[in-house]
Each structure stands twice: as structure tokens, then as C-alpha cells.
Amino acid sequence: MRFDENAQLDTSGVDDLRGSRGGGGIGGRVAAGGGGLGVVGLILYFVLSQFAGMDLGGIDVGGGYGGLSGVSSSGQTADSGRLQQSCRTGASANTSTDCQVVAVLNSLDSYWSDSARSGTSFERPRTNFFDGGVNTGGCGSATSDTGPFAQAYVIAHEYGHHVQNVLGTNRRVGNDTGPTSGSVRLELQADCYAGVWAGHATTMPGSSGRPLITDLTQDDVDAALDTASKIGDDYIQTNLDGGQVDESQFSHGSSAQRERWFTTGVESGNPARCDTFSARSLG
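Computed from a prediction, not measured in an experiment: that's the story for all the values here.

*Asks:* When you look at the packing of helix α4 (residues 97-112) against helix α7 (residues 182-200) in this model, what are you seeing that I'm missing?
*Replies:* For any two helices packed against each other, one specifies the crossing angle of their axes together with the interaxial distance. Between α4 and α7, the shortest axis-to-axis distance is 10 Å and the interhelical angle comes to 95 degrees. With respect to their mutual orientation, α4 and α7 come out roughly perpendicular. For the pair formed by α4 and α7, the contact residues are Val104, Ser107, Leu108, Tyr111 and Trp112 on the first element and Tyr193, Val196, Trp197 and His200 on the second. Of the residues in the contact of α4 with α7, the class split is seven nonpolar, two polar and no charged.

The structure is reproduced here in C-alpha cells:
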């Protein structure tokens, strides 16, 4: 994945809290929330190797259907001056992980801000970069060899949850589990939404009107699919929990399901094709 070196980046939606208390944890985290937007609060947390230098990263979303607790950003104040200086154009996104995240968020904002796509008046979520610890449950983990578009897939999936919050889709889901549960359908829809954005990514303009992403290859899509497969319930149960597959405990979908719905999004480019709640078969 490559970014247009002359496209302008917009950091106004990002609050950089890192280091504002004079110390710091084991790296940077990113949280996206709907605070002040009148939508159900969404908190995105992910740690990837380029941010934290860890072997594994966690991904979790709150907002009424998932738990994220212990975000230690309390007392931190925002200072985004460094980001504004360093993340001005797509050229910086090609060399800096921070700026890559900004560029991907700009592209997602550009796609989902069209009310015809979101189905309602849409306001982008704010994003926080912060230091410190997080206690997380849920959306799984990604291996340390995740590349730029695998990271973009993770961000786009979590942004999909923000769209679900805006639309109220998450309110259709209880605490049930299983291969066809509401929880699984919600996660698979977010995978599909991520794919839909990916299918349009090279046409989404930034604030300057130039497309932010100029090159998206099959290798990029394959990297996202590989990541999707590694956060499937069956993969996690077998390889990370060290146990046998128990479909009754599925809450995010199998590897095959997650790959299928991301692919559906990429190939259709149509969020209407992401209605996992009406689908008879989830794959």
C-alpha cells in the first residue's frame, strides 16, 4: 500500500496524549471514540508491533457489546503539535506509522462521511494516541509480522464498529454466543465494512481532493485476509488458548467466516451487501 506523496493529511481528528504526563508505557496506543458526537461511545484499542514492539497485539472495542477497561489516559492532555508538523502529506505516511494511521483514518472518514453510505447524519470519531496500560478482552490478536495493510484492515474493522454504533446496529445484539449469534454477525459485518472501504480506498480523496492511497495490491488484500484468519474464534481457541474448538463460545466468527465477509466487502464495494443479520448462511 502506497500513499500519494503530495496528498495533504488532516490531523485535526487526532488527539496525541502520549508523553503528556512525563512518562510513558511500553509504546503508543490508539483509541477512537465518539465522545461528544451523540453516538454510543466507541473505544478502539489496538497494539501492533510497530507501535509497541510487542510480539502480540490486542484489539478490543467497547460501546455496549464489548468490554474495554483500564485505559490509563486519565490525566493526560492532548498535544497534537508534533503530529501536525510531522504528518503533513502522504510522503510522511509512506515512512511513518503514526502518519500512516492518520492517512488511513482520513481515507475512512472520506468514505463513510457520505450520508448515503452511512444511512444517517455522520460525524467522524475522534482518535486518541496514548501511553499506558489497557485491560482488554476481545477482538483477538494479530501476529507481529502484520504489515501496513494488515494494520489498515484492523483500523477499518474497528471503524466499521463506529458505523454500526451510528446506525444503532449494535443494539440488536445481546450477549449470546455461537456460530450464528448476533455477536458473530456484528463482527462479520464490521469485516465486510472494512472490505468495502478497501475496495474504494484508491479513490477516496483527502482534504486536498487528491486520493490518499494510490496503490493497493493483491498482496495487501492477502495480508488483510491472513490477519482476519488469525483473529477467527477457531484459530484463537486452537492456537492461542491451547484448547479445542468450541463453536458454542464463538463471538467473533471463524477464520473462514471472517475471510469470506471481508472478501464480500472488497468484491462488492457495497455496504448493503454486508447485511449479515439477514444472511441465511454466514459461510
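*Asks:* How do you make sense of α7 when you look at a structure like this?
*Replies:* Note on helix geometry: an α-helix contains 3.6 residues per turn, so any two residues three or four positions apart are oriented the same way. Under the 1.5 Å per step criterion, the end-to-end length of α7 is 27 Å for 19 residues, consistent within 8% with the ideal 27 Å. Counting buried positions over the 19 residues of α7 gives 17, a clear majority of the element.

*Asks:* Would you mind showing me how to read helix α10 (residues 255-268) here?
*Replies:* Over its 14 residues, α10 runs 20 Å from end to end, which matches the ideal 20 Å to within 8%, given 1.5 Å per residue. Looking one or two residues beyond α10, the residue adopting positive phi is Gly269, at roughly 65 degrees.

*Asks:* Honestly, the pattern of salt bridges in this entry has me stumped. Any pointers?
*Replies:* Note that side chains of opposite charge can pair when their charged atoms are close. This structure, assessed with the given rule, holds eight salt bridges. The salt bridge involving Arg124 is made with Asp10; its shortest N-O contact spans 3.5 Å. Of the two residues, Arg124 is situated in the loop between α5 (115-118) and β7 (126-130) and Asp10 in the loop between β1 (2-3) and β2 (14-16); the sequence distance between them amounts to 114 residues. Classification of Arg124 as partly exposed rests on a relative accessible area of 30%. A salt bridge links Asp226 to Lys230, with the nearest nitrogen and oxygen atoms 3.2 Å apart.

*Asks:* I tried to follow the state of the cysteines on my own but got confused; where do I start?
*Replies:* A disulfide bridge is the covalent bond that connects two cysteines by way of their sulfur atoms. Tallying each qualifying case throughout the model produces two disulfides. Residue Cys87 pairs covalently with Cys99 via a disulfide, S to S 2.0 Å. Between Cys87 and Cys99, the S-S dihedral sits near -80 degrees, and the bridge is therefore left-handed. Of this pair, Cys87 sits in the loop between α2 (81-86) and α3 (90-93) while Cys99 sits in helix α4; the two residues are twelve residues apart in sequence, bridging distant segments of the chain. Assessed through its relative accessible area of 1%, Cys87 is described here as buried. Residue pairing for Cys192: its cysteine sulfur links by disulfide to Cys274, the two sulfurs lying 2.1 Å apart. Taking the torsion about the S-S bond as the criterion, the Cys192 to Cys274 disulfide, at about -70 degrees, is left-handed.

*Asks:* How should the environment of Ser96 be read in this particular structure?
*Replies:* Tracing the sequence through the fold places Ser96 in the loop between α3 and α4. On the basis of relative accessibility, which here comes to 23%, the residue Ser96 falls in the partly exposed class. Once the C-alpha coordinates of Ser96 and Ser86 are considered, the two residues, ten residues apart in sequence, prove to be 8.8 Å apart. A distance of 3.3 Å separates the side chain of Ser96 from the backbone nitrogen of Cys99, its partner in a polar contact.

*Asks:* Help me understand the packing of aromatic side chains, please; the structure alone is not making it clear to me.
*Replies:* When we look at a pair of aromatic rings, we describe it by the centre distance and by the angle of the planes. Under the criterion given, the structure shown has five aromatic pairs. On the basis of an interplanar angle of 35 degrees and a centroid distance of 6.4 Å, the ring pair of Phe122 and Tyr159 is categorised as tilted. Here Tyr159 lies in helix α6 (residues 148-167) and Phe122 lies in the loop between α5 and β7, a separation of 37 residues in the sequence. Like Phe122, the residue Tyr159 is buried in the burial classification. Ring centres of Phe149 and Trp197 lie 6.1 Å apart, and the angle between their planes is 10 degrees; this geometry places the pair in the stacked category. You can see Phe149 sitting in helix α6 and its partner Trp197 sitting in helix α7, a full 48 residues away along the chain. Take Phe149: its relative accessible area is 2%, and that puts it in the buried class. Through a chain of ring-to-ring contacts, the aromatic side chains of Tyr111, Trp112 and Tyr193 assemble into a single cluster. One Lys or Arg, Arg172, reaches over the ring of Phe277 and ends 4.4 Å from the middle of that ring.

Reading the values: rules and limits
- Residues numbered from 1 in each chain as written.
- Predicted model: local features only at pLDDT ≥ 70, side-chain atom pairs only at ≥ 80, totals over all residues.
- Heavy atoms only, no water.
- Axes fitted to C-alpha atoms, helices over the stretch in contact; angles between N-to-C directions.
- Helix = DSSP H or I, 4+ residues; strand = E, 2+ residues; numbered from the N terminus.
- Parallel < 35°, antiparallel > 145°, perpendicular 65-115°, else oblique.
- Contact = heavy atoms within 4.5 Å.
- Nonpolar A, V, L, I, M, F, W, Y, C, P; charged D, E, K, R; others polar.
- Expected span 1.5 Å × (residues − 1).
- Buried < 20%, exposed > 50% of the residue type's maximum accessible area, 1.4 Å probe, protein only.
- Salt bridge = Lys/Arg side-chain N within 4 Å of Asp/Glu carboxyl O.
- Disulfide = S-S within 2.5 Å.
- Polar contact = N/O pair within 3.5 Å; in protein donor to acceptor, adjacent residues only side chain to side chain.
- Phe/Tyr/Trp six-rings, centres within 6.5 Å; stacked < 30°, edge-to-face > 60°.
- Lys NZ or Arg CZ within 6 Å of the ring centre and 35° of its normal.

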